[in-house]
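The primary structure of each chain is shown beneath.
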Amino acid sequence: MPAEENRKRRVLVGMGGCDIPDRMMRVAGELAAAMNAELYGLFVEEEYLLDLSGLPFAKTVGTSGQAPRALTEQLMTDALRSQANLFRRSLSDIAQKANLNLTFARARGRAARELLAVARKQDFVVLQATSTVFTVRDMMRAGRTVAAEARGIVICGQHRQAASGPVVAIDDGDETGRQTLRFAERIATTLDAPISLLVIAGSDDKASQIEARAVETLKNVKQLKFHRLASWGADELEVALQDLHPSFVVADLEGEPFTDDETASAVIRAAGAPVLLIRPEKSI
Amino acid sequence: MARIPWPFGKDSEESSGNMEKEMLNPLKVHELRRRSDPQRFAFRTTDELQPIEGLIGQERALEAVQFGTRISSPGYNLFALGSSGSGRHTAIRKLVEETAASAPAPDDWVYVNNFADSHKPKALRLPPGIALHFRDAMQELIEDLRTAIPATFESDEYRNQRRAIDQSLEDGHESAFDDLRTRAEAEHIGILRTPMGYALAPMQDGNVIKPDIFNELPLEQRQIIESKIAELQKELEEVLRRLPLIQKEHRAKLRALNTEVAKLTVDVSIAEISAKFSDVDTIQTYLAEAKTDLITNAGIFLESEQAEDGGAFPAAALNPLDPKFRRYSVNVIVGSPELAEDAGRRRLGAPVVFEELPTYANLLGRIEHISQLGALVTDFTLIKPGALHRANGGFLILDAARVLTEPLSWEALKRSLRGGYIKITSAGEQLSLVSTISLEPDPIPLTVKVVLIGERMLYYLLVSQDPDFRDLFKVEADFDEVVERTDDNTDLYARLIANIAKREGLKPLSREAVGAVMDESARLADDAERLSLRIGKLADLLREAHFWAGDAGHQVIEAENVAQAVRKKTYRADRIREKSLESINRDIVLIDSTGEAVGQINGLSVISFGDFSFGRPTRITARVRMGTGKVVDIEREVELGGPLHSKGVLILSSLLATRYALGEPMSLWASLVFEQSYGGIDGDSASSAELYALLSALADVPIKQSFAVTGSVNQFGEVQAIGGINEKIEGFFDVCRLRGLTGDQGILMPASNAKHLMLREDIVEAARNEQFKIYAVETIDQGIEVLTAMPAGERGPDGEFPPDSINAKVEAKLRAFARARRAYGGRDGDDREAEAPESS
């Protein structure tokens, strides 16, 4: 077994110096607990912010549209330091409560690039979208880059309500399906939630095969439900996810719904819950 | 010589100075102690008697209590006055409970949250027996809603509607930004998120243009970029300003949805409870307010649900007394238990409350506080009822002395009775000691009959000192301490004794024992013709007699056990009396019980230590000389004599001045003293003894020291009744007995006290054997004759006392003083006291 795999799995949570996303950190904590992984917090002083503050006309507009304020390099440096401390403290609280190991690091550069630099093959990277600048689509795009070096990514949308429904696994019958089920099982155990399997199959036979495989893989799971999607389509998937009110979604990053960023972001938004996208093991 | 009026009440002409008058006889043996005759009792033991219910001889007080408890006009509260142990508590409780039993049950009262102003909890009046059901129903309602509301908000229907609203917000945000971002990107300008907000920057290949590169751009290009950024910045400001409006709209939509969803659940639950209490208007009004509040605050039921789920880190299990839900609690202040059906009418009776410790808070109730994060907080559930709440609609019995000695209680009680409501405020607020935010609960209307039980003195003090008292306590129930010792009352008293014995689980009493108890009761009443109604003391005597009967192995309490109980009780308290007697016997305190002396007499006083009193002889001496007509009371001069004693001395001064040598100026100087008395003296019971001593000194005739004297005297020389006659006689008897009874010893006492005599058996025995004599005198003349064995003498037709009579000698001495004074005045021309030799 390569040395890489002997290392303990990590959940990477990166922050680029803007909001302190509580939900993202909580999801990271839940995932680390489920995967028996360590938490790795990386605060990235985004280069673009430093470049911005060096421009002579640089100004910021408050989130509620307050009058613009001149931006200086010193102001930006202080703000980033303060954000880093806050991020570290919040993450530390979560790690302490869930009895997780925490590593915290700081870097300067581009968040995606720096995450990529520290990511290892067995890591999961948690990313948070916002409804304004960094949309789910943006995160999906960044996540794909990061996921090239990791086991999977978690995209957190702007969910207004903490969901308490099942852990939903999306299985279209390919090789990665079994891994998806296993990760779903771990998360469901941690959240004490049932599992609902969304089966995407062109025929009943295929669907039955997928379900049989799920029963075999999840033999220890007591609450398992199946929902078949008769035909593949983003709209059908979105409706199904909305009906299920999932607390977490697990899927194959290379599965059909996530092949393009636009569709992927629509599905993630419809889920209303964090979505874990697993990179197929064969491709690692 | 003018005829001088003879003040002694007898016809002076008939008397005509007769020196052959018969000497006074001592009292007969049967007059010294009136014994009960057991033979007149028709029973053998008290077991055969029908115990008497209630009190005897208290008709006046009981009628007052019945009147006071039945009259419903305001201010007709009762004050039961009398001595402790007179059975007032028991009698009042019994009577009040009888009246209360037939009265209707009072309304229930609860405090509920005031949803409009939580600092002013609302008091709800409910029909009797409803409060506890209402409280339980509200508790059930909240328990139901804690499940039902989260379930409703978890429903697919709600989630879908909620998601749609959330989605519209996100869409609103994104569309606002998307348009701007698209236009900015077209101009190679990026919208960036920074820790302080949003910013716009020129972009190149997806990156912000570095400052040094930007600065190298031609000025014109830089200006164009800056201009575009400034323009877009304005648009960005506009977009951002619109975001709060979108959010506000979102919140409003969400609120409307939540209200609609919550209403469905709350309506069902409230309708259920409302139906249960459909005939209670106050509950209906409250439920309407509670419904509105529940719908508005449905979120608190969701918060608790979310706290229970808690994601990967579940919170601690929800506390069932979660303060969030306390706002819907019902605090029962007065709640009757389930009412019994009585002939189709629901009835329980009015409450009778006896508050042992009437502190301010125990009377009016209190607002308690709990500590939360170091601060003291309170709410309407922490309002605790007081005795007035519990007794509202019924009767409250209080010990007057305790109410008066508890700070603020008396004023609070009066305020409540006067105002007709109970208003709970803390004592700290009353005294302006505390200024923390507290509650102002609705006052509760008060209809209560207060019965104060107290000593007679307290009642009269309140009447004279407290102007409100008479308005608020219009009914006085005056409990007598004694009852006449008639045959009828004696029979009733025997039944009362039987009642106490039965109630206390004591052995029955033989009829002889009953007689002995009655004799002791008369002694307790200080009157042979009365029986004491101090039930407490009577019960003590019976308990102790029961003990000694048990000790002797008797099945029945016999007279000897009663006597033993009295003897042992006296012995236990007797140490000081013994020491006093010992000091007399050892001549440390000088008391003569034989021989004669001029200007010296044995007076008698009573010393009390708590419950125990005993008599003691005291030597009183008098000295006289010529002077200006002044009798000096040495006790008064040194402020050891009380006002009553001084009054006695002034009376006897007046008697001397108006009885003797009326044609001469009063030219006497005399001094009176209680020898070896170092404590205060009060009362006028020694005034006859003081007069005898003065007469002896003036007449220069010795007084027999084998006598002791008690009785007060009036200006006409009549001897008047005094208190503690039995103890006083026993006090001198004990001294004589200790030294050996001679047969000459005895007591001079007022004739009007003869009916009070209940002397000890040993004195009665000594009198029977003529070893000790007790003379009941009506006048000073009778007394002085016994004390000096000389006639007092009455004025003859010539206005003169017979020669060789005491009175003649007294008058002669006073005339001599007057002459000497005139002679002295002629020499000096003034009234200064002459330096004449002392006379006695």
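The coordinates are above.
Residues numbered from 1 in each chain as written. Chains lettered and ligands numbered in written order. Predicted model: local features only at pLDDT ≥ 70, side-chain atom pairs only at ≥ 80, totals over all residues. Heavy atoms only, no water.

Caption draft 1: Representation of the overall build of chain B in the model. When its secondary structure is counted, chain B shows 29 helices and 32 strands. Expressed as a percentage of the 840 residues in chain B, the buried residues total 50%. Restricting the contact set of chain B to residue pairs at least 6 apart, pairs at least 24 apart contribute 77%. For chain B, the exposed surface amounts to about 39,000 Å²; the carbon and sulfur share of it is 50%. (Helix = DSSP H or I, 4+ residues; strand = E, 2+ residues; numbered from the N terminus. Buried < 20%, exposed > 50% of the residue type's maximum accessible area, 1.4 Å probe, protein only. Contact = heavy atoms within 4.5 Å. Areas by Shrake-Rupley, 256 points an atom, 1.4 Å probe, with all protein chains shown as cover.)

Caption draft 2: Structural context of the packing of helix 7 (residues 177-191) of chain A against helix 8 (residues 204-217) of chain A. All names here are of chain A. One way to put it is that helix 7 packs onto helix 8 with a least axis distance of 10 Å and a crossing angle of 45°. Here helix 7 is positioned oblique relative to helix 8, judged by the angle of their axes. Relative to helix 8, helix 7 is oriented so that their crossing is right-handed. Contact residues: helix 7 offers Gly-177, Arg-178, Leu-181, Arg-182 and Glu-185, while helix 8 offers Arg-213, Ala-214, Glu-216 and Thr-217. Residue composition of the contact of helix 7 with helix 8, grouped by class: 2 nonpolar, 2 polar and 5 charged. (Axes fitted to C-alpha atoms, helices over the stretch in contact; angles between N-to-C directions. Parallel < 35°, antiparallel > 145°, perpendicular 65-115°, else oblique. Left-handed = near helix turned anticlockwise from the far one by under 90°. Nonpolar A, V, L, I, M, F, W, Y, C, P; charged D, E, K, R; others polar.)

Caption draft 3: Geometry of the pattern of salt bridges. All names here are of chain B. Scanning all chains against the criterion turns up 65 salt bridges over all chains. Its salt-bridge partner being Asp-267, residue Lys-291 comes within 3.3 Å of it at the nearest N-O pair. Separated by 24 residues along the polypeptide, Lys-291 in helix 8 (residues 281-296) and Asp-267 in helix 7 (residues 219-276) bring together distant segments of the chain. A salt bridge links Glu-811 to Arg-795; the nearest nitrogen and oxygen atoms lie 2.6 Å apart. Here Glu-811, found in helix 29 (residues 806-828), pairs with Arg-795, found in the loop between helix 28 (780-788) and helix 29; they are 16 residues apart in sequence, far enough to count as distant. With relative accessibility at 2%, the residue Glu-811 sits in the buried group. Using a relative accessible area of 2% as the deciding quantity, one classes Arg-795 as buried. Among the charged side chains, a network of salt bridges with common partners joins Arg-523, Asp-574, Arg-577, Glu-727, Glu-730, Asp-734, Arg-737, Arg-760 and Asp-762. (Salt bridge = Lys/Arg side-chain N within 4 Å of Asp/Glu carboxyl O.)

Caption draft 4: Structural context of the nonpolar core. Formed by 84 residues in total, the largest nonpolar core has its most connected members in Leu-31, Leu-39, Ile-187 and Leu-276 of chain A. With 8 residues, the single largest contributor to this core is helix 7 of chain B. Not counting residues within four places of it along the chain, the set of residues in contact with Leu-39 of chain A comprises Val-11, Val-13, Ala-28, Gly-29, Ala-32, Leu-91, Ile-94, Ala-95, Leu-100, Asn-101, Leu-102 and Thr-103 of chain A. Counting residues in each nonpolar core, the second largest holds 53 residues, with Phe-43, Ala-103, Ala-494 and Leu-533 of chain B among its members. (Core = buried A, V, L, I, M, F, W, Y, C linked by side-chain atoms within 4.5 Å.)

Caption draft 5: A look at the interface of chain A and chain B. Opposite the 55 residues of chain A that make contact, chain B presents 51 residues. Here chain A and chain B share an interface that buries about 4,500 Å² over both sides, 57% of which is from carbon and sulfur atoms. Here chain A and chain B share 1 salt bridge between them. Residue Lys-210 of chain B is joined to Asp-51 of chain A by a salt bridge in which the shortest nitrogen-to-oxygen separation is 2.9 Å. Listed by contribution, the elements that provide at least two residues to the side of chain A that touches chain B are helix 2 (22-34), helix 3 (47-54), strand 3 (59-61), helix 4 (73-97), helix 6 (136-147), helix 7, helix 9 (234-244) and helix 10 (261-271) of chain A. Tallied by class, residues from the side of chain A that touches chain B come to 21 nonpolar, 20 polar and 14 charged. With 2 bridges joining them, strand 3 of chain A and strand 5 (residues 197-204) of chain B adopt antiparallel strand pairing. From the neighbouring strand, Val-61 of chain A faces strand 5 of chain B, where its bridge partner is Tyr-198 of chain B. (Buried area = accessible area lost by both parts, 1.4 Å probe. Pairing = 2+ DSSP bridges.)

Caption draft 6: Main features of the packing of aromatic side chains. As enumerated under the stated definition, the model contains 25 aromatic pairs over all chains in all. Taking the centre distance of 6.3 Å and the plane angle of 15° together, the rings of Phe-609 of chain B and Phe-614 of chain B count as stacked. An aromatic cluster is present here, built from Phe-79, Trp-410, Tyr-459, Tyr-460, Phe-469 and Phe-473 of chain B joined pairwise through their rings. Seen from the ring of Tyr-40 of chain A, Arg-10 of chain A lies directly overhead, with NZ or CZ sitting 4.7 Å from the centre. (Phe/Tyr/Trp six-rings, centres within 6.5 Å; stacked < 30°, edge-to-face > 60°. Lys NZ or Arg CZ within 6 Å of the ring centre and 35° of its normal.)

Caption draft 7: Up close: the pairing of strand 1 (residues 10-15) of chain A. Residues and elements named next belong to chain A. For strand 1, the buried fraction is high: 6 of the 6 residues fall into the buried class. Burial along strand 1 is two-sided: the face carrying Arg-10, Leu-12 and Gly-14 and the face carrying Val-11, Val-13 and Met-15 are both buried. The sheet contact formed by strand 1 and strand 2 (residues 38-46) spans 6 bridges and is parallel. Bridged to Arg-10 within strand 2 is Glu-38. As defined by bridge partners, strand 1 adjoins strand 6 (residues 124-128) across 3 bridges and the pair is classed as parallel. If you follow Val-11 over to strand 6, its bridge partner there is Phe-124.

Caption draft 8: Seen up close, the environment of Glu-260 of chain B. Residues and elements named next belong to chain B. Mapped onto the secondary structure, Glu-260 falls in helix 7. On the basis of relative accessible area, Glu-260 is assigned to the exposed category, the value being 51%. For the pair formed by Glu-260 and Ile-295, sequence separation is 35 residues and the distance between their alpha carbons is 8.3 Å.

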